[in-house]
Amino acid sequence: WAASTGANTYTLQEDTQASFATASNVYTGAATSFGVTGKTNGSYYYRVLATNAVGSSGWTAGGGPCVVLHPPPTPGSITVPAQSTGNFTVSWAASPTAMTYDLEEDTTSGFTAPTLVYSGAALSNNITGKTSGTFYYRVRAVNTGGNSAWRTDTTGCQIVPPAAPATITVPPTSSTGSFTVTWATSPGNPTYELQEANNSSFAGAVQVYLGPNTSYN
């Protein structure tokens, strides 16, 4: 604060309200500054007055609060499936005071060349289209005060081919030329490719369906 002519000491008050209804003295002395330390998240208002043997001046208040916002804590956990056929979900625990989260992916557990795959407020992200390899993930919490440390999954998700559907059902005859082919579900939420041919060796087969369903008309 600015020096006041004739002042012997200054009194600095602090409050979490602009009205200073519950103000407390945080400094009394001859200096014209005071170092504030150890504040938790919140808004802090300050005002100062000058004093000499005759009396005290009026208060001079700051124009607005100092908003303290520490970086958020590291998310407590991250969940990555050990294996997948290529489509899976990575999720993590909420971090108090976090505004958003950054999720990074790498093909090594050391994260030597990570890629940002998600940044937002959600607590999970769907990973799709992985075809081979092992993928590692780490997440951090973010607010305007900064970033938390990373929470890392060091096991990774190994991409494995899906098991073939156990059965496929095709009607032996059709009098109309319209019929339904169905097949058993394969673990891991894969997509399915259905091929058709006019011979049992599937020479010249063509793809007639590609998708998540377990039947095709």
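Each residue is numbered by its place in its chain's sequence as written, counting from 1. Local features in a predicted model are, by the rule used here, given only for residues with pLDDT of at least 70; side-chain atom pairs are given and counted only at 80 or more, and totals for whole chains, interfaces and linings are based on all residues. Computation of side-chain values: all heavy atoms of the structure, hydrogens and water removed.

DSSP-based pairing: two strands are paired if at least 2 bridges between them are found. A run of DSSP states H or I qualifies as a helix once it reaches four residues; a run of E qualifies as a strand once it reaches two. Both are numbered from the N-terminal end. If you trace the three strands from one edge of the open sheet to the other, you get 15-16-19, paired in antiparallel fashion. Of all the strands in the sheet, the pair left with one neighbour each is strand 15 (168-169) and strand 19 (215-216). The pairing of strand 15 with strand 16 (residues 181-183) spans two bridges and is antiparallel. Counted as the bridge partner of I168 is W183 from strand 16.

The next thing to look at is unusual backbone geometry. Backbone geometry follows two general trends: most residues other than glycine have a negative phi, and most peptide bonds adopt the trans configuration. Despite not being glycine, F20 shows a phi value in the positive range, around 55°. Relative to the elements of secondary structure, F20 occurs in the loop between strand 1 (9-15) and strand 2 (24-29). The buried category is assigned to F20, whose relative accessible area is 10%. With phi around 75°, T97 is a residue other than glycine that occupies positive phi space. Each residue gets one of three labels from its accessible area relative to the maximum for its type: buried under 20%, exposed over 50%, partly exposed in between, using a 1.4 Å probe on protein chains only.

Pairing is antiparallel in the open sheet, where three strands are placed in the order 6-8-11. What marks the edges here is a single partner per strand, and that holds for strand 6 (78-79) and strand 11 (124-127). Pairing between strand 6 and strand 8 (residues 88-92): two bridges, direction antiparallel. Looking at strand 8, one finds that I78 is bridged to W92.

Here we come to the pattern of salt bridges. Any Lys or Arg side-chain nitrogen found within 4 Å of a carboxyl oxygen on Asp or Glu counts as a salt bridge. Taken as a whole and assessed by the stated rule, the structure comprises four salt bridges. A salt bridge links E104 to R138, with the shortest nitrogen-to-oxygen separation between them at 2.8 Å. Pair noted here: E104 is in strand 9 (residues 100-106) and R138 is in strand 12 (residues 133-143), with a separation of 34 residues, a long-range link. Take E104 and R138: they sit in the same class, and that class is buried.

Tracing the sequence through the fold places Y45 in strand 3 (residues 42-51). Taking the C-alpha atoms as reference points, Y45 and P162, 117 residues apart in sequence, are found 61 Å from one another. Ignoring any residue separated from it by four or fewer positions in sequence, one finds Y45 in contact with Q13, E14, D15, T16, Q17, A18, F20, G64 and P65. Two residues form a contact once any of their heavy atoms are found within 4.5 Å.

Let us now look at a nonpolar patch on the surface. A contiguous nonpolar surface patch, about 280 Å² in accessible area, is contributed by I168, V170 and F179. Along the polypeptide, F179 turns up in the loop between strand 15 and strand 16. Patch membership requires more than 30% relative accessible area and the absence of a salt bridge. Residues of like charge join within 9 Å; the nonpolar side chains Val, Leu, Ile, Met, Phe, Trp and Tyr join within 5 Å. The accessible surface values rely on the Shrake-Rupley method and a 1.4 Å probe; as for residues, cover is taken only from the protein chains in view.

A separate point is the side chain of E14. Note on placement: E14 falls in strand 1. The exposure class of E14 is buried, given its relative accessible area of 10%. Polar contacts involving the side chain of E14 include one to the side chain of K39, which spans 2.8 Å. With near-sequence residues (within four places) excluded, E14 lies in contact with T22, A23, S24, V26, V36, K39, Y44, Y45 and Y46. Whenever a nitrogen or oxygen atom comes within 3.5 Å of another N or O atom, the pair is scored as a polar contact, on the condition that within protein one atom can donate a hydrogen and the other can accept it, and that pairs from neighbouring residues in sequence are kept only if both atoms are in side chains.

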